[in-house]
Amino acid sequence: MGYDVGLATVRPSPMNRLGTLASKTARNLILRFRAETEPELGPNKGLGWFPSFPDDIAMALMEEELGQPWQEIYSELSSSPIAAASLGQVYKGRSKENGDLVDVKVQRPFVLETVTIDLFIIRNLGLVLWKFPEELDYVNEGENGQQFSEMMRKDLPQVDIPRTYGKYTSRKVLTTEWIEREKLSQSTESDVGELVNVGVICYLKQLLDTTGFFHADPHPGNLIRTPDGKLAILDFGLVTKLTDDQKYGMIEAIAHLIHRDYAEIVKDFVKLNFIPEGVNLEPILHVLGKVFDQALEGGGAKNFNFQELASDLAQITFVYPFRIPPYFALIIRAIGVLEGIALVGNPDFAIVDEAYPYIAQRLLTDESPRLRDALRYTIYGKSGVFDAERFIDVMQAFENFITAAKSGGGEGLNGDMAELGILQSQAEFTFPRFLPSEFQSKQPIQTRAALAFLLSEEGNFFREFLLDEVFWIFFRRKKMLLLANNSAYIAYLG
């Protein structure tokens, strides 16, 4: 007797049972994670499910790690922790050196020994999603935060990353800038939607941009709305680094998804390590086609539910040689958190719809040959025929990206992403009248930013791209006209 996994009916096997065990273990880990990161659910007076450890031990650890009593470093320190979790607890203090308010995180005693058994079990189940030793090194966490801060300051200055005080940071004590905090997930301010959009761009930039340095722990407690209406991101202990193949492969897969080219998506999944090399792809192609057809039903790639798609992909792992790579499991969690926060205030929120403008920006501005090919594919599709509506769609998405990059307090901060759309003269962009009708849209693009990009140095490739298409359109029309004239002349002579 088989069981229905929503895709096919199969007979249970030892591997299926192992998958179920792994699934239950993963669910328990998620519940544990939820208990840690949602203090309002816990019994310890707002500190969470994990009780704080004694303050005298925390103070002694500060002295041992920093080489002097805490009173020599902080002029003020809360008498008890303001938050506690499985790995440590946090105090609010004030720097004696400059008077700055600071966040002091102290690691729980013997935490590495405590998690050793958990770590052994998780590794033996093949569920290693993060590296505990790195997450337990607060020096590493502080350096991660500084790297993120520099990245955001340049491109998205409306994203706040707390500054690390390296002088007062060690492997077990982390001192960072204090940020007044209201969880984005609990805020009732009118700009929450804009901040979620900024968060989407922020995480896509980490995920798909040049560095590939990805903050893999965006739970609701780490996404903050600041009093001046900015998005702040906390806690950089859990990060991952994506390779160029992973970054480009995901963008290529999205381009193939837009055109429902499932045969190419299956190949993308091999490159992205979802499917082992040498596996017969035909059975997987068939089932993935069903999954994506169902996900795309009623609105296309921009409107499918990412979490439902992730769940369907997870089901495939029970039946086929298909797996969710650890790096992608972290991505699913990050996107799921952003989607969950957004859906509270906007039931119509679609993560892919919000992500597409960033994808369009990457396709238009990245000089990588792989992404140049992906841009051509996005507009021409597998048929190789220029799709004017798809071209309009990409340019409108780019305009939407510029709007989003300026939101959440970013207007006037001169971030590099927002400045892609700066144009001195404010003229509406329309296609030249000499272009054929297939370039015209029933709804013209209201896109000063797109015009600015086309006229900029960054838009050089796309200008050449358009000129090539214009040349071939005129060439084809000229050829057709010559053929028509020749036919008429022959008929006349006959």
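None of the values given here were measured: they were computed from a predicted structure. (Residues numbered from 1 in each chain as written. Predicted model: local features only at pLDDT ≥ 70, side-chain atom pairs only at ≥ 80, totals over all residues. Heavy atoms only, no water.)

Student: Explain the environment of I316 to me, and be specific about the residues and the numbers.
Tutor: Here I316 shows up in helix α10 (residues 306-316). Residue class for I316 comes out buried when judged on its relative accessible area of 0%. Placed 32 residues apart in sequence, I316 and I284 show a C-alpha to C-alpha distance of 8.7 Å. (Helix = DSSP H or I, 4+ residues; strand = E, 2+ residues; numbered from the N terminus. Buried < 20%, exposed > 50% of the residue type's maximum accessible area, 1.4 Å probe, protein only.)

Student: Please give an account of helix α6 (residues 192-208) that cites residues and values.
Tutor: With 17 residues, α6 ought to run about 24 Å at 1.5 Å a step, and its terminal C-alpha atoms sit 24 Å apart, in line with that. With 14 of 17 residues buried, α6 is to be regarded as a mostly interior element. (Expected span 1.5 Å × (residues − 1).)

Student: Outline the environment of N400, listing residues and values.
Tutor: As for its placement among the helices and strands, N400 is situated in helix α14 (residues 388-406). Looking at N400, the relative accessible area reads 39%, which means it is partly exposed. Along the sequence, N400 and Y356 sit 44 residues apart, while their C-alpha atoms lie 9.2 Å from each other.

Student: Please set out unusual backbone geometry residue by residue, giving values where relevant.
Tutor: Residues other than glycine seldom take positive phi values, yet D235 does so here, at roughly 65°. Examined against the element boundaries, D235 turns out to sit in the loop between β12 (231-233) and β13 (239-241). By relative accessible area, which is 24% here, D235 ends up partly exposed. Its identity is not glycine, yet N273 carries a phi of approximately 75°, on the positive side. With respect to the helices and strands, N273 occurs in the loop between α8 (262-271) and α9 (282-296).

Student: How would you sum up the packing of helix α7 (residues 244-258) against helix α13 (residues 369-380)? Please name residues and give values.
Tutor: Contact geometry of α7 with α13 gives a least axis separation of 9 Å together with a crossing angle of 5°. By the angle class used here, α7 and α13 are roughly parallel. Residues D245, Y248, G249, I251, E252, A255 and H256 of α7 form the contact with α13, whose own contacting residues are R370, L371, A374, Y377 and T378. (Axes fitted to C-alpha atoms, helices over the stretch in contact; angles between N-to-C directions. Parallel < 35°, antiparallel > 145°, perpendicular 65-115°, else oblique. Contact = heavy atoms within 4.5 Å.)

Student: Help me get a handle on the pattern of salt bridges, residues and values and all.
Tutor: Under the criterion given, the structure shown has 17 salt bridges. Between E76 and R94 there is a salt bridge whose closest N-O contact spans 3.3 Å. Residue E76 is found in strand β3 (residues 74-77), and its partner R94 is found in strand β5 (residues 88-95); the two are separated by 18 residues along the sequence. Residue E76 is classed as partly exposed on the basis of its relative accessible area of 42%. R94 gets classed as partly exposed once you look at its relative accessible area, which sits at 26%. (Salt bridge = Lys/Arg side-chain N within 4 Å of Asp/Glu carboxyl O.)

Student: Would you mind going over the sheet that holds strand β7 (residues 159-160) in detail, with residue names and values included?
Tutor: Strand order in the open sheet formed by four strands is β7-β12-β11-β9, and the pairing between neighbours is mixed. Unpaired on one side and paired on the other, β7 and β9 (182-183) mark the two borders of the sheet. Relative to strand β11 (residues 223-225), β9 runs antiparallel, the two sharing two bridges. In the sheet register, K183 faces β11, and the bridge partner there is I224. (Pairing = 2+ DSSP bridges.)

Student: Can you explain the pairing of β5? Please cite residues and give values.
Tutor: For β5, the buried fraction is high: six of the eight residues fall into the buried class. Both β3 and β5 contribute to a ladder of three bridges, which runs antiparallel. What sits directly across from E76, in β5, is R94. Taken together, the two bridges between strand β4 (residues 83-84) and β5 define a ladder with antiparallel strand orientation. Residue pairing in the sheet places A83 in a bridge with V90 of β5. Counting the residues that bridge the hairpin from β4 to β5 gives three residues. Taken together, the seven bridges between β5 and strand β6 (residues 101-107) define a ladder with antiparallel strand orientation. Its bridge partner lying in β6, Y91 is registered against V104. The turn joining β5 and β6, which pair antiparallel and follow one another in sequence, is formed by five residues; a positive phi near 80° is taken by G99.

Student: Break down the packing of aromatic side chains for me, citing the residues and quoting the values.
Tutor: In total, this model carries eleven aromatic pairs according to the counting rule given. Seen from their ring centres, F269 and F292 are 6.4 Å apart, and the 35° between their planes marks the pair as tilted. Here F292 lies in helix α9 and F269 lies in helix α8, a separation of 23 residues in the sequence. By the burial criterion, F269 is buried, and F292 matches it. Both rings, one in Y327 and one in F328, keep their centres 6.4 Å apart while their planes meet at 85°; by these two values the pair is edge-to-face. Just as Y327 is buried, F328 falls in that class too. Here the aromatic cluster, defined as three or more aromatic residues joined through ring pairs, consists of Y262, F269, F274, F292, F322, Y327 and F328. (Phe/Tyr/Trp six-rings, centres within 6.5 Å; stacked < 30°, edge-to-face > 60°.)

Student: Quick one: what's the story with the packing of α10 against helix α11 (residues 326-345), residue by residue and with numbers?
Tutor: The interhelical angle for the contact between α10 and α11, taken along N-to-C directions, is 150°, at an axis separation of 10 Å. Taken together, the axes of α10 and α11 are roughly antiparallel relative to one another. Here α10 runs over α11; the crossing is left-handed. Residues F306, Q307 and A310 of α10 lie in contact with α11, whose contacting residues are F328, I332, I335, G336 and E339. Partitioned by chemical class, the residues of the contact of α10 with α11 number five nonpolar, two polar and one charged. (Left-handed = near helix turned anticlockwise from the far one by under 90°. Nonpolar A, V, L, I, M, F, W, Y, C, P; charged D, E, K, R; others polar.)

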